[in-house]
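A look at the structure
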Amino acid sequence: VGKAPCLLILGEPTHDREDLNEDERRLPDISKIRGYIVPAGYGIIIKKGTWHDFPVSVGPEATVFVINTKEVVEALASMKEPSPMDFGDCYKVRTADVFKHIRLKFPDLRPIANWFCSLNTSDVTTMPRAE
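Cut-offs and rules
- Residues numbered from 1 in each chain as written.
- Predicted model: local features only at pLDDT ≥ 70, side-chain atom pairs only at ≥ 80, totals over all residues.
- Heavy atoms only, no water.
- Helix = DSSP H or I, 4+ residues; strand = E, 2+ residues; numbered from the N terminus.
- Buried < 20%, exposed > 50% of the residue type's maximum accessible area, 1.4 Å probe, protein only.
- Polar contact = N/O pair within 3.5 Å; in protein donor to acceptor, adjacent residues only side chain to side chain.
- Contact = heavy atoms within 4.5 Å.
- Phe/Tyr/Trp six-rings, centres within 6.5 Å; stacked < 30°, edge-to-face > 60°.
- Pairing = 2+ DSSP bridges.

1. Topic: the side chain of Arg 17
With respect to the secondary-structure elements, Arg 17 resides in the loop between strand E1 (6-11) and helix H1 (22-25). Owing to a relative accessible area of 16%, Arg 17 belongs among the buried residues under this scheme. Here the side chain of Arg 17 touches Asp 19 through a polar contact of 2.8 Å, side chain to side chain. In contact with Arg 17, not counting residues within four places along its chain, are Arg 25, Asp 29 and Lys 32.

2. Some remarks on the packing of aromatic side chains
As enumerated under the stated definition, the model contains one aromatic pair in all. On the numbers, 6.0 Å between centres and 70° between planes, the contact of Trp 51 with Tyr 91 is edge-to-face. Highlighted residues: Trp 51 in strand E3 (residues 51-52) and Tyr 91 in strand E6 (residues 90-92), separated in sequence by 40 residues. Residue classification places Trp 51 among the buried residues on the basis of a relative accessible area of 14%. In this structure Tyr 91 comes out as partly exposed when scored by relative accessible area, which is 29%.

3. What about the pairing of E1?
Extensive coverage of E1 is indicated by the burial of six of its six residues. Judged by which residues are buried, E1 turns out to be covered on both faces: Cys 6, Leu 8 and Leu 10 on one side and Leu 7, Ile 9 and Gly 11 on the other are all buried. Taken together, the six bridges between E1 and strand E2 (residues 33-38) define a ladder with antiparallel strand orientation. Note on E2: the bridge partner recorded for Ile 9 is Gly 35. Two elements, E1 and strand E4 (residues 56-57), share two bridges in a ladder whose sense is antiparallel. Its bridge partner lying in E4, Leu 7 is registered against Val 56. Pairing between E1 and E3: two bridges, direction antiparallel. When the sheet's bridge partners are listed, Gly 11 is paired in E3 with Trp 51.

All quantities given are derived from atomic positions and should not be read as evidence of function.
What follows is the structure in structure tokens.
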């Protein structure tokens, strides 16, 4: 939705990994977190258990449309303010509270965002690849 791309941070699911202990399964694996640019007008579907944050603008104002299950909507609506939670299939952690010694940093994405903004969506196959 909208005319500007956004940044989406995703981490591989950990809840079903056999190589992690029970406590580790309740947290994202920092080594498996990646940032992705989602072009304007595109959508994604993420696998259950995928660690994620809401999409954010990487340049011009971005408009996003998010669809959640009824259970997730009810869980989020029951919160008085943003905070960690464990309610049904909605489990939220604040990574800054859990990983105090780690700060996630990504390269400056404005050049890529500007490139996407100048694109005709039919040309997305020509997207530059990150090294």
